[in-house]
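Chain residues, written in single-letter form:
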There are 2 protein chains.
Amino acid sequence: HTYDAGEYDVIVVGAGHAGSEAALAAARMGQKTLLLTISLEMVAFMPCNPSVGGPAKGTVVREIDALGGEMGKNIDKTYIQMRMLNTGKGPAVQALRAQADKHAYHQEMKNTIEKEPNLDLRQAIVDDLLVKDHKAEGVVTNTGATYHSKTVVMATGTSARGQIYIGELRYSSGPNNSLPSIKLSKNLEKKGFNLERFKTGTPPRINGNTINYAETEEQPGDAQPRHFSYTTPYSDYLSVSDQVSCWLTYTNPKTHSLIRDNLDRSPLFNGIIDGIGPRYCPSLEDKVVRFADKDRHQVFLEPEGRGNDEWYVDGMSNSMPEEIQQEMLHSVKGLENAQMMRPGYAIEYDIITPQQMKPSMESKLVEGLFTAGQTNGTSGYEEAAGQGLIAGINAARKVQNKDPLILKRSDAYIGVLLDDLVTKGTNEPYRLLTSRAEYRLLLRNDNADMRLTPIGHEIGLISDERYAEFEKKRQAVEDEIKRLESLRIKPSDKINQFVESHGDKPLQDGILAAQFLRRPYVDYDKLLEFIPATENKLDPRVIEQVSIRVKYAGYIKKEEAKVAKMKRMESKKIPENIDYDAIDGIATEGKQKLKEIQPQTIAQASRISGVNPSDIAILGVYIQQGKIAKTK
Amino acid sequence: HTYDAGEYDVIVVGAGHAGSEAALAAARMGQKTLLLTISLEMVAFMPCNPSVGGPAKGTVVREIDALGGEMGKNIDKTYIQMRMLNTGKGPAVQALRAQADKHAYHQEMKNTIEKEPNLDLRQAIVDDLLVKDHKAEGVVTNTGATYHSKTVVMATGTSARGQIYIGELRYSSGPNNSLPSIKLSKNLEKKGFNLERFKTGTPPRINGNTINYAETEEQPGDAQPRHFSYTTPYSDYLSVSDQVSCWLTYTNPKTHSLIRDNLDRSPLFNGIIDGIGPRYCPSLEDKVVRFADKDRHQVFLEPEGRGNDEWYVDGMSNSMPEEIQQEMLHSVKGLENAQMMRPGYAIEYDIITPQQMKPSMESKLVEGLFTAGQTNGTSGYEEAAGQGLIAGINAARKVQNKDPLILKRSDAYIGVLLDDLVTKGTNEPYRLLTSRAEYRLLLRNDNADMRLTPIGHEIGLISDERYAEFEKKRQAVEDEIKRLESLRIKPSDKINQFVESHGDKPLQDGILAAQFLRRPYVDYDKLLEFIPATENKLDPRVIEQVSIRVKYAGYIKKEEAKVAKMKRMESKKIPENIDYDAIDGIATEGKQKLKEIQPQTIAQASRISGVNPSDIAILGVYIQQGKIAKTK
Ligand SMILES: Cc1cc2nc3c(=O)[nH]c(=O)nc-3n(C[C@H](O)[C@H](O)[C@H](O)COP(=O)(O)OP(=O)(O)OC[C@H]3O[C@@H](n4cnc5c(N)ncnc54)[C@H](O)[C@@H]3O)c2cc1C
Ligand SMILES: Cc1cc2nc3c(=O)[nH]c(=O)nc-3n(C[C@H](O)[C@H](O)[C@H](O)COP(=O)(O)OP(=O)(O)OC[C@H]3O[C@@H](n4cnc5c(N)ncnc54)[C@H](O)[C@@H]3O)c2cc1C
C-alpha cells in the first residue's frame, strides 16, 4: 500500500543537526518544506558530547548564525555553561564552547520547527527516494506515504544500517537505540550511489551523585558574557553561579593496562568492525594504542543537563565489554565508586561518499538531491549543522531557479569543510580543525558576522532589521579604525611613564593611536587613557573587532593578498560538459580524478589529490583557448 | 560472555510506572536495590495519554501517596493542568485529574531515582531470570551481566515481544519505537510461566499550531488548589493562567464512515491482531462498531507539555493506515487543517497471566519473584504504579523476613485491583473503574490518607514527621466531628429565615450541628454562621473530611458494617498446603479453579468465578473441622 501524501518544494530527510537547519532555512526562504524523521524524540538530539563549539566548530556555529541559521540561537537558549577556550592565544584559535542541556537543546529546536509556518514536521522512516530522469522527485516512507517534491535533502546521520557494538554484543540500531534505517541504503545503492561504512563511538554515562568531586579539578564557566548568536543580548548571560561546572580528571596506567589486556574483546580492535573511525575523536582504545608512551589522558566529567544526574565521561569513548568499561571507570581518580548508568558503545553506519556531490551539496548523479551531515562522512554536530544550512539554502535556491550559494575556503570554515568533502572525499569521519583552513586569521570566531551577514541577508535569511543592526556595527568598527589610524598621540609624562613601565623606550614624536594599540601591552581600554573617548560608548563587540583588526592588520593584509590571488583561480570556471579524455597531456591519474570529482573551478581542480600542477597548467590553457566548444 | 555484576536485595526489571515505584519503595525500606530498564529515556514514560488521575485512578494515586509512593509527588511537581472531575456528584465518584508535562514527568521521576541512595539505575535489557530450587536468584542482561539478588520484581510493561501496527505496517518494537524485549518471554515460558497476548493503542499526535481552537470548547484548569500528594503545600498550586487548557471537539458521521469504509485495513478488525484490547480504553474503531447508533464521540485535545507543540488527540486511538488517520483527523471540527506529527498505532505484547500470582504479587511458581504493571494484564499508569508499589514493598519485606502487605478490597482501590487480578485473572487489559469496588463510599479520593497513612508508616515509607502531621489532621477531624455531634443550634430568626429560603420548615427545637450539616443545602461555611468557630481555623482538608464524614455518616456506617462482615471471612485463612482433591463435595469446576488460584482466605475463594456458594460452605466446614492436618 502506498498513498499520495502531498507535494512540497523541499523535503528534508532526518531531523538531526543537519536536517533541522536545512528544513528551517528552506522554509524561511519561502519554500513549502517537509521534515521527516525516524523519531520526534530525537530532533537535534546529541547522541554524544552534550556540548556545542570548540576550536573551528565554535566558529562554524557563529557562521551559521551570521547566515541566518538556528544552532547559535538554540544553544544560547539552552546552555548550562559557557567558556571561551584558548583565551591566552591569538584570535585565530580562540573558540567558544558551551555545555548544553541536552534535552532542552532538543526540545527548543523541535519547538522552533513546530512553530515555523512553512514547515511540516512528521515522524516517519524514509525507505526510498523517488527519481525520474535523474531528477529527485520525492520520497516514500515506511507507512506507504509518497511525498512529491522538487528537491530532497538527505540528512540521515548514523542511522543507515546502523550496528551497535558493546564488546561481544552487537545489534541492529540507530544511535541511542533508535530504529535504524535499513531500506533506504539498499535503494540508494540500487540507484548507483556509492556507500561506505564508517564508525563512531561514545563513552559511558555515570551517576553524578557517585562522583568524588574532591579528587577532580573544577572547570567553571566564564564570568564574561559571550554568546554564539550575534543577536543574543548580553543581559541573557547566566552568572557563573547559575552555570554548572565540569570537572577534570585523568586516566592512568591501570586504566591503560585494562584496555591493553582486553583489546581482543574490543570490536574496534579485534577486526569485528570494518568501518573507519574518527581519528580526531578517537576512542580511548585508540589513544592508548596510538600514544603508547602517554601514561594519562584527560577525562572531563560533563553534566548532561539540569534536573538530570547523568554525566558524560568525555575522553573515555570505547566499545569494550560492559564489565571492562566499569573497571576502567573505577580505575580513574574520583570515579572509584562511580555508578555506570549506561555503557559506551560503538556504532557502524553507511555514508554516501561525498565526492559524489557538487560544492553546492547537490548530487552529481541525481539532480535536486542534496546531502548533508554525518551521512556525508563528517563527524560533529556543528559540521552537520553547517552542511545542513547550505543544503537547505541550495535546495530552496534550486526551487527558486537561483544559482547555488557556494562558500569559498576564504569565506568560512563551512567553505573549507564543503570543499574538502567534495574535492578530497574523506576516508574517516571528517572533523573540522583549525589546521584545515589556509586563512585562519580571516576565518576567526569573532568576525563571522562581518564575513557572512551580507550573504545571509542577500539569500533572505537575515531580516532587514537585523541587517541594519549589523550595518551599524560594521560602520562603527570602520569609523573607529579610521579614527585610530589618523589620531596622533603626543608624548607626555603619563604615556612615557606607562611605556617605560613595560620596558619600552619613551616616545619622542607623536604616535598614531592605531600604531600604539598594536603594541602587545596596550589594549583598547588602556588606549582610551591617552585619547579622547568616542562620542557614544562603543559596544564590546565593536571594540573586539577594532582591537583585532588593528593589532593583526599586517597579518590580515597578507592573508587577504593570498585570498585575492586564489580568487582569480576560483573565478576560472571549468565548463560542466568538459571532456577530460579529449585533453592531451593530462596524466592518467589526474584525468581519472578530474572525471570523478568534476571540479567547478581551476582552483578546486588544483586541490584534488592526484591532480598535479602540470595537469592544472594544461587544463588552464585548454580552457583559455576556448577548446571547450569542441567538446561533447 | 557473562560476568558477575554484583549482588542486590531487590532487582526491579523495567523502570515504567510500576518499576519506578517498586524500586523507590524497596530502596527506601532499606534494601540495596537495582533498577534495570531498556532505555533511560523512558523512565516513567507516558506512551499514551499525558495525564494522571481520573475516576478510580486518581484515588489510586492518593493511595500510593498515603503509602509513601512517588506518583502523587511527581505529578504535583510536573502538572500543567489540574481539574477535579464530577464535582457535581457525590464524593465517591469525584476524581482529581492532572494534565502532565510528559517529559518533565519522566525527568523528575528519573532524577528522584538517580538521587535515591540505596538505588542503582542502569540501562540494560534483561534476557533471563535466574531460578534455583524454584527461587528467584537474579537476572542476566543482554550485555552478559549477571546480577544476583534475593528477590526480583518484573515490571516490563508492553515491551515483551512487542509488535507495532499501523494499517498494513507491522514491526517488532516496544512502545514508542523503543527496543523490544524478546528473549525474556521465551525464557519465562521455558520456566513454566503462562503468557498471553494483549494489545493496546494510542491516537495520532498533531501540531497545536494547526488546530482551529475557535471551533472547539475550552476546558481550563481549576482555580481551587488541589494536589495529589497530601504533602504538597497549597502555595505550590498554579494559578489558572499558569495552567494550560485542553479543548473539546467531537467526531461526526463523516469520521465514522471513514472508519467503517476502511475497517478491513484496521489490524484490530481484519484479524491480523490476535491480542485482546482494552474494553474500557477502546480504540475509535471499537467505539464506532460497538456503538453504531452514536453519531459522535468526544475528542479532547491535550497538550503534551510546555515548550512542546505536540498535542494528544484523546478519543481517537486507532491503528488505521496513516492516510486514513489523517482523513479522520481532518473530518473533525477544529482539526480541518491539523497537521499530524505522528500516526496512532496499536501494540501487541505478552502478559504473564496474573492468576499465577499471590495477592502479595509474588509468583506461585518461583519464590521471590514479583510481577507488577501492564505485564500483569492491566492498563494504565496508575494501576501500574499501584501494583509496583506493593510489589516493591513485598519484595523488600520478603528480604526482611516479614509477612507481605496485602491490602483488602475495603482498604483501597489497589486492594480491589490486586484481588481482581489474582482471583479472577483478566481476559482483556484490566482497567480500574469505580464500579469494580464494593465499598465506593469508603474508598474515596479524599480519605486515602486516613485509610493508608498508618500502614505506610508501619512499613517504613512514611516518616515519623509526616506521620505526626497526619495524626494532627486525623485528630482535628475527630475533634470537630465530636464537637458538631454535641453542639446544639438553637432556633433563631436568622436560621429560620435561612432554612425557609430553602423551602424547609422552620426549626422548632434546637438541632445538633452535625444533623444540620447533613441537610443538602448546608455546607460547613454556612454552618459556621450559626455556631461558634473553632479556636484555630481548620485546614480545608480537615473541613472536607468533616463535611463528608458527617454528611454521609449513614451510608458510611452501612458500608462499614458490610466490611466488618467480610473481614470475618477474610480472617478465615486457607492453609497453603491444602489438598482440594481430598475434599468431598466440591464441584469439579470449583476444585479446578481453587487449585489454580490457590486463594489465601475463604473470602478470596468466594470471589473466584466458577466456585459457587456450596463449594465455599463445604470448604469452610472442612477447614473448621481441622481436617487440614491430614492433607499432604
Ligand atoms: C554514538 C555516537 C557517538 C558520536 N560521537 C561523536 C563525537 O565524539 N564527536 C563528534 O563530533 N561527533 C560525534 N558523533 C557524531 C554526531 O552525533 C553527528 O555528527 C551529528 O549528530 C550528525 O548530525 P546529522 O544531522 O548529520 O545526523 P544525526 O544527528 O544522526 O541525525 C540524523 C537524523 O536522521 C534521521 N534519519 C536517518 N535515516 C532516516 C530515514 N531513512 N528516514 C527518516 N529519518 C531518518 C535519524 O533518525 C536522525 O534523527 C557521534 C554520533 C554517535 C551516534
Ligand atoms: C501505545 C500504548 C497505548 C496505551 N494506551 C493506554 C490508554 O489509552 N489508557 C491507559 O490507561 N493505558 C494505556 N497504555 C498503557 C500504559 O502505558 C501502561 O499501562 C503503563 O505505562 C504501564 O506501566 P508499566 O510500568 O507496567 O509498563 P511500562 O510503562 O511499559 O514500563 C515498562 C518498562 O520496562 C522496560 N522493560 C521491558 N522489558 C524489559 C527487559 N526485558 N529488561 C529491562 N527493561 C525492560 C521497558 O523498557 C519499560 O521502560 C498504553 C500503552 C501503550 C504502549
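Scroll up a little and you will see the structure.
The structure contained in this document is the topic of the report that follows.

Calculation rules
Residues numbered from 1 in each chain as written. Chains lettered and ligands numbered in written order. Predicted model: local features only at pLDDT ≥ 70, side-chain atom pairs only at ≥ 80, totals over all residues. Heavy atoms only, no water. Helix = DSSP H or I, 4+ residues; strand = E, 2+ residues; numbered from the N terminus. Rg over C-alpha atoms; globule rule 2.2 N^0.38 Å. Buried < 20%, exposed > 50% of the residue type's maximum accessible area, 1.4 Å probe, protein only. Contact = heavy atoms within 4.5 Å. Areas by Shrake-Rupley, 256 points an atom, 1.4 Å probe, with all protein chains shown as cover. Phe/Tyr/Trp six-rings, centres within 6.5 Å; stacked < 30°, edge-to-face > 60°. Lys NZ or Arg CZ within 6 Å of the ring centre and 35° of its normal. Least-squares fit on C-alpha atoms with pLDDT ≥ 70 in both. Near = heavy atom within 4 Å. Polar contact = N/O pair within 3.5 Å; in protein donor to acceptor, adjacent residues only side chain to side chain. Arc of directions from axis to C-beta. Buried area = accessible area lost by both parts, 1.4 Å probe. Salt bridge = Lys/Arg side-chain N within 4 Å of Asp/Glu carboxyl O. Pairing = 2+ DSSP bridges. Axes fitted to C-alpha atoms, helices over the stretch in contact; angles between N-to-C directions.

### Focus: the overall build of chain A
And then number 1: A count of helices and strands for chain A gives 20 helices and 22 strands.
And then number 2: Taking 632 residues into account, the globule formula puts the C-alpha radius of gyration at 26 Å, and chain A, at 26 Å, falls close to it.
And then number 3: Dimensions of chain A, computed from the C-alpha atoms along their principal axes, are close to 85 × 75 × 50 Å.
And then number 4: Relative to its full complement of 632 residues, chain A shows a buried share of 62%.
And then number 5: Across chain A, every contact between residues at least 6 apart in sequence was considered, and the portion connecting residues at least 24 apart equals 73%.
And then number 6: Accessible surface computed for chain A: about 24,700 Å², of which carbon and sulfur atoms make up 49%.

### Details of the packing of aromatic side chains
Residue and element names in this part refer to chain A.
And then number 1: Scanning the model with the defined rule gives 20 aromatic pairs over all chains in all.
And then number 2: Residues Phe516 and Phe530 carry aromatic rings whose centres are separated by 5.9 Å and whose planes lie at 90 degrees to one another, so their mutual orientation is edge-to-face. Taken together, the positions of Phe516 in helix α14 (residues 513–518) and Phe530 in the loop between α15 (524–527) and α16 (540–551) put the pair 14 residues apart, joining distant regions of the chain. Residues Phe516 and Phe530 agree in their burial class; the two are buried.
And then number 3: Grouping aromatic residues by their ring pairs yields a cluster made of Phe498, Phe516, Tyr521 and Phe530.
And then number 4: Against the face of Tyr8 rests Lys32, its NZ or CZ located 4.5 Å from the ring centre.
And then number 5: Its guanidinium or amino end placed over the ring of Tyr230, Arg62 lies 5.5 Å from that ring's centre, counting from NZ or CZ.

### What to know about the relation of the copies chain B and chain A
Two copies of the chain are present, and they differ by a rotation about an axis and a shift along that axis.
And then number 1: When chain B is fitted to chain A, the residual RMSD is 0.1 Å, and the transformation amounts to a turn of 180 degrees plus an axial shift of 0.0 Å. The superposition of one copy onto the other is thereby described by a two-fold rotation axis. Residues of chain B ranked by C-alpha distance from the rotation axis are headed by Ser178 of chain B, positioned 3.4 Å from it.

### Thoughts on the site of ligand 1
All names here are of chain A.
And then number 1: The environment of ligand 1 is formed by 35 residues, the closest being Ala18, Cys48, Val126, Gln374 and Gly380.
And then number 2: Ala18 has a polar backbone atom sitting 2.9 Å from an oxygen atom of ligand 1.
And then number 3: At 3.0 Å from a nitrogen atom of ligand 1 is found a side-chain nitrogen or oxygen belonging to Ser181.
And then number 4: Summarising the interface, the protein chains cover 96% of the accessible area of ligand 1, which totals 980 Å² for the free molecule.

### A short note on helix α6 (residues 253–261) of chain A
The α-helix advances 3.6 residues per turn, and as a result positions three or four apart in sequence lie on the same side.
Residues and elements named next belong to chain A.
And then number 1: What α6 keeps buried is the set Thr255, His256, Leu258 and Ile259. Seen end-on, α6 carries its buried residues on one side only, within an arc spanning 155 degrees. Exposed and facing more than 90 degrees away from the buried side of α6 are Pro253, Lys254 and Asp261.
And then number 2: In this structure, the buried side of α6 is in contact with α7 (284–290) and α8 (322–330).
And then number 3: Where α6 begins, the side chain of Asn252 points an oxygen toward the backbone nitrogen of Lys254, at a separation of 2.9 Å.

### Points about the interface of chain B and chain A
And then number 1: On the chain A side, the residues contacting the 43 residues of chain B number 43 residues.
And then number 2: Buried area between chain B and chain A, summed over both chains or domains, comes out near 4,000 Å², and the portion from carbon and sulfur atoms is 42%.
And then number 3: In this structure, the salt-bridge partner of Glu310 of chain B is Lys110 of chain A, at a minimum N-O distance of 2.7 Å.
And then number 4: Across the chain B-chain A interface, the total number found is 40 residue pairs in polar contact (both at pLDDT 80 or more).
And then number 5: At the level of elements, α4 (102–115), β6 (119–123), β9 (145–154), β11 (169–172), α8 (322–330) and β18 (340–342) of chain B are the ones that each hand at least two residues to the side of chain B that touches chain A.
And then number 6: Among the elements that make up the side of chain B that touches chain A, the one with the highest residue count is α4 of chain B (six residues).

### Topic: the site of ligand 2
All names here are of chain B.
And then number 1: Close to ligand 2 lie 35 residues; His17, Ala18, Val126, Gln374 and Gly380 are nearest.
And then number 2: A distance of 2.9 Å separates an oxygen atom of ligand 2 from a polar atom in the backbone of Ala18.
And then number 3: The contact in question runs from a nitrogen atom of ligand 2 to an N or O atom on the backbone of Ile38, over 3.3 Å.
And then number 4: When ligand 2 is considered free in solution it has 990 Å² of accessible area, and contact with the protein chains removes 95% of it.

### Some remarks on the sheet that holds strand β10 (residues 163–166) of chain B
As a general point, the strands of a sheet are linked pairwise by backbone hydrogen bonds and lie either parallel or antiparallel.
Residues and elements named next belong to chain B.
And then number 1: Read from one edge to the other, the open sheet built from four strands follows the order β11-β10-β19-β12, with strand pairing classed as antiparallel. Among the strands making up the open sheet, the edge pair consists of β11 and β12 (195–202). For this sheet the average axis-to-axis angle between neighbouring strands, irrespective of direction, equals 20 degrees.
And then number 2: Direction of pairing for β12 relative to strand β19 (residues 345–352): antiparallel, over a ladder of eight bridges. Residue pairing across strands places Phe198 opposite Tyr349, the latter belonging to β19.

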